[in-house]
Amino acid sequence: MNEESLFAPGHTACAGCGATIALRLLLAAAGKNTIVCQATGCMEVVSTGYPNTAWKVPYIHVAFENAAAVASGIDAALKAKGEREGKNIIAIGGDGGTYDIGFQALSGMLERGHDVLYVCYDNEAYMNTGIQRSSSTPYGASTTTSPPGKFSIGEDTVKKPLAEIVAAHRPSYVATASVGYYADFQNKVKKALSKKGPSFILVYAPCPTGWRTPSEKSIEIAKLAVDTGYLILWEMENGDRNTLKVTKMPPKPRKPVVEFLKVQGRFRHLMNKPEELKKIQEFVDAECKRYGVD
Amino acid sequence: MKMVLRGNMATAYAAKLAKVEVIPAYPITPSTLFPEKISEFVANGELKCQFVKCESEHSAMSACIGASAAGARVATATSSQGLALMHEVLFIAAGMRLPIVMAVGNRALSAPINIWCDHQDTIAERDSGWLQFYAEKNQETLDLMLMAFKICEDHRVLLPAMVGMDAFVLTHTMECVEIPEQEEVDKFLPPYKPVYKIDVNNPMTFGAFSSPDNYMEFRYATQLAIENSVKVIDEVFAEFEQKFGRKYQRVVPFMVEDAEVVFVTIGSMTGTAKEAVRKLRSEGKKVGLIKITAYRPFPADLLRKYLRKARIVVVFERNISLGYGGAVYPEIVSVFANTGKRPKIYDFIIGLGGRDIVVEDIIKGYEMAVKAADEGREEFIEWIGVRKEDIEVIK
Ligand SMILES: Cc1ncc(C[n+]2csc(CCOP(=O)(O)OP(=O)(O)O)c2C)c(N)n1
């Protein structure tokens, strides 16, 4: 990887943090003419501890739910001043700041057509506040607010299909990605930035602390998510369904989803529940079918 | 040029004269005319600005923050629930030292839902680090908005400001307003030059995470900035008077020289209170009035100066800090906390939710306050115009 390090080492993220990998890949692909606007969450906290900063590009953090709105304001200001050309504006949020509390601002930004790339790093829970569930948390996962118990399987709802909801806004570009397939992710970043208008990338980023996985396995797990069909990597341009393309096919035959689940502590309680594992495999099969993955 | 304008229109004209570059906004009664008028200016090419049609007030203020941090001159308008929805980001705008200017049509907060005049919305945000100005007339809405940009953008200040105007009484009422010439405004208000801004050629981090080791220093610096603004406000008011001929003061005295009883008012009720003063004066009573134009920074210096000689100070206010009394009252009391000779200070809650304030109400307050002082009452917070008999007490 030939990377200019715009996200500097020395931040305070945990070892093996998938989200920091995503940030480094993102900035390397975007280059230095980039303005970053980030939501509150792990990535902001670990990277901006005053008087230090990990950011070598202009960076602004305002609050948890408004990265998309702040980015809208920056886009408007640069347009008003005739300084918009040649710059990327990238809004970044975790799954909580994007799927949940920041969803309205994201929708507003997409609808108004701001020339902003929004990147959601998805670690499937609120990690910064101690691993609480978000609407991205998958069925069956154990978090501190969806604990398994006598009357609970863990999280009892399925993950919100955010990228599809974004696609319904007809943005210039929308894609899902994984830090496990970094070239695919970086290509998508470049493609998104080459287009005028709003774009969105959801990048899957394992969290060793929240998922209870070994630090050195993050990339492997991020790949497993794709290879089991649990995460489908696709892209779509200009809101046109005919352009929908799966960019990374899982191997044939697909690996069973249990291979992805069993390496993670957050699914441990499911391992002696074959009927639940079957259910999850069925979700995955149905999704793969919908996307023509197989 | 003179025009007959509603208060909202006057603030929109102020934004136009200030050549505001970005206006993110979301409509709410009674401030809706502001974004409407701005979008009309933009549609006609009268104002070259980016009008960001936001999906909420929270996002509107967030976009203001982004745009201001990127170096643009920024304004917006809101009221009541809209201001309350901005609450979180108001503190951030001030903490990040961004000179955003906002017109607020002062309106009651829910519940019960009510769209009429009340200062509760802005009073509830008085601790946010925003400067607060209150207009008495439509001319003041325009002038204060213009001056607010100059004050806020001053490098000794760098803070946001809200200009309050009473719902309907000002926002929707037509008054003759002198609109300054663009050339004159350009001389008074040069383009905004930020000290720091988002710039790819000079990357900086805005909105960092701070530990107990440095948070207090940021807060203290912001407090110093708002203290500095006193001098800047006085300078800008003076320059404005010299250039445009209209005099502004943080606190405006009316017949206080020899007054034994002095009223304290904010906003449009001042006109009514002045009528009451004239009436009482005609009966030989030594009454005066103080209008607070700049509520934050709190004008303790001027209040002490003007109220010192009074026997009784009577505060009339359109807000209620539930569980206590009016929010302004204890602040006026504090002005005299450590002084030897001090006036009796009494508080009246009045005109909530747009209830009319008439001359007789003020006179009633005067009489109740004089009686209370004569009886030597120590604590005194009363409501004027409320029908206590209509209230069912749950026993
Ligand atoms: C209005 C508001 N509510 C709650 C919080 C507390 N909070 C800060 S970060 C966070 C969770 C962030 O989760 P996510 O967006 O998934 O990012 P991650 O921590 O996983 O990086 C929460 C709940 C907040 N800062 N602001």
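Residues numbered from 1 in each chain as written. Chains lettered and ligands numbered in written order. Predicted model: local features only at pLDDT ≥ 70, side-chain atom pairs only at ≥ 80, totals over all residues. Heavy atoms only, no water.

Draft legend 1. Focus on the packing of helix α3 (residues 57-69) of chain B against helix α4 (residues 80-95) of chain B. Residue and element names in this part refer to chain B. Between α3 and α4, whose axes approach to 7 Å, the crossing angle comes to 25 degrees. By the angle between their axes, α3 is roughly parallel relative to α4. Seen from above, α3 lies across α4 with right-handed handedness. Contacts between α3 and α4 involve E57, H58, M61, S62 and I65 from the former and G82, L85, M86, E88, V89, L90, I92 and A93 from the latter. Of the residues belonging to the contact of α3 with α4, the class tally is eight nonpolar, three polar and two charged. (Axes fitted to C-alpha atoms, helices over the stretch in contact; angles between N-to-C directions. Helix = DSSP H or I, 4+ residues; strand = E, 2+ residues; numbered from the N terminus. Parallel < 35°, antiparallel > 145°, perpendicular 65-115°, else oblique. Left-handed = near helix turned anticlockwise from the far one by under 90°. Contact = heavy atoms within 4.5 Å. Nonpolar A, V, L, I, M, F, W, Y, C, P; charged D, E, K, R; others polar.)

Draft legend 2. Up close: the side chain of B:T222. Residue and element names in this part refer to chain B. Looking at where T222 falls in the secondary structure, it is placed in helix α8 (residues 215-244). Owing to a relative accessible area of 12%, T222 belongs among the buried residues under this scheme. Beyond its immediate sequence surroundings of up to four residues, T222 is in contact with A94, R97 and L159. (Buried < 20%, exposed > 50% of the residue type's maximum accessible area, 1.4 Å probe, protein only.)

Draft legend 3. The arrangement of the pattern of salt bridges in detail. The tally for this structure, following the rule as stated, stands at 51 salt bridges over all chains. Between A:R254 and A:D294 there is a salt bridge, and its shortest N-O distance comes to 2.8 Å. Of this pair, A:R254 sits in the loop between β10 (240-248) and α10 (258-261) while A:D294 sits in the segment after α11 (274-290), placing them 40 residues apart in sequence. A salt bridge links B:K309 to B:E257, with the shortest nitrogen-to-oxygen separation between them at 3.9 Å. Of this pair, B:K309 sits in the loop between α10 (300-307) and β14 (312-317) while B:E257 is found in the loop between β10 (251-254) and β11 (261-265), placing the two residues 52 residues apart along the sequence. Like B:K309, the residue B:E257 is exposed in the burial classification. (Salt bridge = Lys/Arg side-chain N within 4 Å of Asp/Glu carboxyl O.)

Draft legend 4. Looking closely at α3(B). Residues and elements named next belong to chain B. Compared with the 18 Å implied by 1.5 Å per residue over 13 residues, the 18 Å span of α3 between its first and last C-alpha is a close match. Looking at where α3 begins, the residue whose side-chain oxygen comes 3.3 Å from the main-chain nitrogen of H58 is S56. Two residues or fewer past α3, G71 is found with a positive phi of approximately 100 degrees. (Expected span 1.5 Å × (residues − 1). Polar contact = N/O pair within 3.5 Å; in protein donor to acceptor, adjacent residues only side chain to side chain.)

Draft legend 5. Expanded view of the sheet that holds strand β15 (residues 344-350) of chain B. Residue and element names in this part refer to chain B. One open sheet accounts for six strands, arranged β10-β12-β11-β14-β15-β16; its pairing is mixed. In this open sheet, the two strands that pair with only one neighbour each are β10 and β16 (381-384). For this sheet, the mean angle separating the axes of adjacent strands, direction not counted, is 25 degrees. With four bridges connecting them, β11 and β14 associate as parallel partners. (Pairing = 2+ DSSP bridges.)

Draft legend 6. Main features of the site of the ligand. Residue and element names in this part refer to chain A. Close to the ligand lie 18 residues, the nearest being G96, G97, Y121, A125 and N128. N123 is positioned such that a nitrogen or oxygen atom in its side chain is 3.1 Å from an oxygen atom of the ligand. Between the ligand and N128, the relevant distance is 2.7 Å, taken from an oxygen atom to a main-chain nitrogen or oxygen of the residue. Contact with the protein chains removes 78% of the 580 Å² of surface that the ligand exposes when unbound. Per-element accounting of the shell around the ligand gives the leading share, three residues, to helix α4 (residues 95-100). (Near = heavy atom within 4 Å. Areas by Shrake-Rupley, 256 points an atom, 1.4 Å probe, with all protein chains shown as cover.)

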